[in-house]
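Summary of the model geometry
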Amino acid sequence: MVIEQVPLGSLQQDPNNLRHHTERNVSMIAKSIATVGPARPIVTDEDGTILAGNATQQAALQQGISHGIVVDVDGETIVAVRVTGL
């Protein structure tokens, strides 16, 4: 397992993503991040293209979160996010 800290802005939005988020939707996620922290994961491929979590990336950047942790796992491992200090 490899863990790496990366700038959130280095993760690329998938141009083929069919789901588009409204500003209201992104704002609601940003409010959630401000309230309970960034507990929602972003899923990327090996090249850093976001497969799930486009709005989460946008909302985190709006909240001033500039970096994230990427955990390399195989396609069969569940990743649990442990958040402390809630």
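What counts and what doesn't
- Residues numbered from 1 in each chain as written.
- Predicted model: local features only at pLDDT ≥ 70, side-chain atom pairs only at ≥ 80, totals over all residues.
- Heavy atoms only, no water.
- Helix = DSSP H or I, 4+ residues; strand = E, 2+ residues; numbered from the N terminus.
- Rg over C-alpha atoms; globule rule 2.2 N^0.38 Å.
- Buried < 20%, exposed > 50% of the residue type's maximum accessible area, 1.4 Å probe, protein only.
- Contact = heavy atoms within 4.5 Å.
- Areas by Shrake-Rupley, 256 points an atom, 1.4 Å probe, with all protein chains shown as cover.
- Lys, Arg positive; Asp, Glu negative; His and termini not counted.
- Charge placed at Lys NZ, Arg CZ, Asp CG, Glu CD.
- Patch = residues over 30% accessible without salt bridge, like charges linked within 9 Å, V, L, I, M, F, W, Y side chains within 5 Å.
- Salt bridge = Lys/Arg side-chain N within 4 Å of Asp/Glu carboxyl O.
- Pairing = 2+ DSSP bridges.
- Core = buried A, V, L, I, M, F, W, Y, C linked by side-chain atoms within 4.5 Å.

This paragraph deals with the overall build of the chain. Looking only at helices and strands, the chain features two helices and five strands. Across the chain, helices and strands are ordered from the amino to the carboxyl terminus as β-β-α-β-β-α-β. For 86 residues, the compact-globule formula gives about 12 Å, and the C-alpha radius of gyration of the chain, at 13 Å, lands near that figure. On the principal axes, the C-alpha backbone points of the chain span a range of 35 × 35 × 20 Å. Scored against the burial criterion, the 86 residues of the chain give a buried share of 22%. Summarising the internal contacts of the chain: among those between residues at least 6 apart in sequence, 79% fall at separations of at least 24. Of the accessible surface of the chain, which amounts to about 6500 Å², a share of 53% is contributed by carbon and sulfur atoms. Of the side-chain charges in the chain, 5 are positive and 9 negative, and the distance between the mean point of each set is 21 Å.

The grouping of Glu4, Glu46, Asp47 and Asp72 at the surface amounts to a negative patch. Owing to a relative accessible area of 68%, aspartate 47 belongs among the exposed residues under this scheme.

Now for a nonpolar patch on the surface. Taken together, Met1, Ile3, Val36, Ile69, Val73, Val79, Val81, Val83 and Leu86 make up a surface patch of nonpolar side chains, about 920 Å² in accessible area. As for its position among the elements, valine 73 is in the segment after strand 5 (67–72). Looking at valine 73, the relative accessible area reads 39%, which means it is partly exposed.

Moving on: the sheet that holds strand 4 (residues 49–52). Within a beta sheet, neighbouring strands are joined by backbone hydrogen bonds and run either parallel or antiparallel to one another. In spatial order, the strands read 2-4-3; together these three strands make up an open sheet with mixed pairing. Each end of this open sheet is capped by a strand with a single partner; those strands are strand 2 (12–13) and strand 3 (43–44). Across two bridges, strand 2 lies against strand 4 in parallel orientation. Bridged to glutamine 13 within strand 4 is isoleucine 50.

Right, let's get into the side chain of threonine 49. Turning to its location among the elements, threonine 49 is positioned in strand 4. Beyond its immediate sequence surroundings of up to four residues, threonine 49 is in contact with Gln12, Gln13, Asp14, Val43 and Thr44.

It is worth spelling out the nonpolar core at this point. Counting residues in each nonpolar core, the largest one holds eleven residues, listed as Val6, Leu8, Leu11, Val26, Ile29, Ala30, Ile33, Ile50, Ala55, Ala59 and Ala60. Where this core is concerned, the elements lending two or more residues are helix 1 (23–36) and helix 2 (54–62). Counting residues per element, this core draws most heavily on helix 1, which supplies four residues.

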